[in-house]
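Chain residues, written in single-letter form:
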Amino acid sequence: MTAEVQIRSVSHRFQSFTALEGIDLEIAAGEFIVLLGPSGCGKTTLLSIIGGFLTPSEGEVLIGGRDMTRVAPKDRPTTTMFQDYALFPHMNLRDNVAFGLRMRGVGRKARHDRALEMLEMVGLAAFAARKPHALSGGQRQRVALARALAVEPDVLLLDEPLGALDLKLRRQMQDELKNIQRKVGTTFIHVTHDQEEAMAIADRIVVMNRGHIEHFGTPEDVYLRPRTLFSADFMGEMNRIPVRREGGTSISPLGPLPFDLGEGLLCLRPENIGFDGSFSMGRARLQEVAFFGTHHRCHFVPLKAPDLTLTVNLPQGAHPAPGAEVELFGRDPVLLSEDV
Ligand code: ATP
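Residues numbered from 1 in each chain as written. Predicted model: local features only at pLDDT ≥ 70, side-chain atom pairs only at ≥ 80, totals over all residues.

Participant: Honestly, the packing of helix α2 (residues 93-103) against helix α4 (residues 137-150) in this entry has me stumped. Any pointers?
Facilitator: When two helices pack together, their arrangement is given by the angle between the helix axes and the distance between those axes. Contact geometry of α2 with α4 gives a least axis separation of 7 Å together with a crossing angle of 30°. When the interaxial angle is binned, α2 and α4 end up roughly parallel. Relative to α4, α2 is oriented so that their crossing is right-handed. From α2, L93, N96, V97, A98, F99, G100 and L101 reach across to α4, where they touch V143, A146, R147 and A150. Looking at the contact of α2 with α4 residue by residue, the classes come out as eight nonpolar, two polar and one charged. (Axes fitted to C-alpha atoms, helices over the stretch in contact; angles between N-to-C directions. Helix = DSSP H or I, 4+ residues; strand = E, 2+ residues; numbered from the N terminus. Parallel < 35°, antiparallel > 145°, perpendicular 65-115°, else oblique. Left-handed = near helix turned anticlockwise from the far one by under 90°. Contact = placed C-beta atoms within 7 Å. Nonpolar A, V, L, I, M, F, W, Y, C, P; charged D, E, K, R; others polar.)

Shown next as C-alpha cells:
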C-alpha cells in the first residue's frame, strides 16, 4: 500500500542533451512529494524513470528497497496518472474504476466492491452507474484518481493531474488530493510547475532547475530558508539587497546591519518587511500601493538608496498613503550568494 523510493545518482541523456544530472532523493513511505520547477527542468523525465517508462542513462531507482531500474512499468508497484486521464467513454464509472482490477484477473464481485469503495472515497459512489460524459471536469479527475488507487499501488505518480482544471476547481482538488493521500497512506509523487499548488499539498518539495535539484525540503523550508536564489525566486517574490563586509561589519546600501552576515544578497520576502521587525532598514518613501484583499502590496524607495525599490506587503488594517515616509523594519532575512 505504500513504499519508500530511493533515487541514486540518476542521470538521463536524450542523445547529447542532458535532461537530468546526478539526482539523489530519499523519499519516505507515505510521503506526499511534489516535483516543482519550470518547463523543461526534467520533472516528467524523473517521473517517467520512477514509473519505468524510461531507463536512466546512469543510476538506480529503488522502490520498497528493491532495485527497479530495469523493471517494466507493469511489474512495478507504481501507477501513473497522466493529465489526460482518458476514461473509457462507453463504460460507467464503476467499470472504469474496476478496469485495472479486471486486467489483473480479480473476480467480478471483488472488483465491483473495490470500485464502489474507491468511488465512495472520492465522493462519487452515487454516480457509479453514470458514464464519464455526464460528469464535470473535477468529477472526471476524481474518477481517474479512484481508478489509479483501485489497484493499490505502493507509489502513485501524478503528472500535472490538475493542469486542465480552472483555478478555483484546481485549488479545491488540491485539498481533496491531500485528504485522499492522507487516508490511503500511499506515497504520492506529483509533478507541477505551480508553486502555490506545491505548497498546498506537499509534505516535501523537490525544487528542480535544468536537470538538477536546487532544494529538497518542506514547504516552510523552501519558502523561508531557500538555499539558492533560484529556489528563492521560484517560490515567490524576494527583495534582494547587496551586502558587503568592511572591518567585521556587514554594510548594505541602507546602512550597516546590526549583525555580521558576510557578503552576498540579503533576501527578504515582502511580508517580512514592515513597521516592526528585528532590524531597522531606515526610512523609506511609499511610491505605489495596491490593495490585494489579503494585504496591501507596496513599493517603497529607501531614502538612503533611491536606486532600490522594496516590495512590502502590509497587513489589511494598514492604511498606507503614497508619498508617506516611514521607518521600515525587516525580519527573518536569508543571505544568499549571487553566483548560483
Ligand atoms: P514541462 O513542465 O514542460 O512538462 P518538464 O520539467 O517535465 O517540463 P521534461 O519533459 O522532463 O521537462 O523534459 C526535460 C528536458 O528534456 C526538456 O528540455 C525536453 O525538451 C527534453 N526532452 C524530453 N523528452 C525528450 C526526448 N524524448 N528527446 C529529446 N529531448 C527530450
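Participant: What exactly am I supposed to notice about the sheet that holds strand β9 (residues 204-209) here?
Facilitator: Two pairing modes exist for strands in a sheet, parallel and antiparallel, and in both the strands are linked by backbone hydrogen bonds. An order of β6-β7-β8-β3-β9-β10 is seen for the six strands of this open sheet, with the pairing classed as mixed. Only two strands of the sheet have a single partner each, and these edge strands are β6 (78-81) and β10 (212-217). Taken over all neighbouring pairs, the strand axes of this sheet differ in orientation by 15° on average, direction set aside. Examined bridge by bridge, strand β7 (residues 155-159) and strand β8 (residues 187-192) share five bridges and lie parallel to one another. If you follow L157 over to β8, its bridge partner there is I189. Its contacts with the sheet place α4 against β6 and β7, and it is angled at close to 165° to β6. (Pairing = 2+ DSSP bridges.)

Participant: Which parts of the structure should I look at to understand helix α3 (residues 108-121)?
Facilitator: For an α-helix, the turn length of 3.6 residues means that residues three or four places apart are oriented alike. Along its 14 residues, α3 runs 20 Å from first to last C-alpha, staying within 8% of the 20 Å computed at 1.5 Å per residue. For α3, the complete set of buried residues consists of R111, R114, A115, M118 and L119. Buried residues of α3 fall within an arc of 135° about the axis and therefore sit on the same side. Every exposed residue of α3 that faces more than 90 degrees away from the buried side is listed here: K109 and A110. Where α3 is buried, its residues touch α2 and α4. (Expected span 1.5 Å × (residues − 1). Buried ≥ 20, exposed ≤ 12 C-beta atoms within 10 Å, placed from the backbone. Arc of directions from axis to C-beta.)

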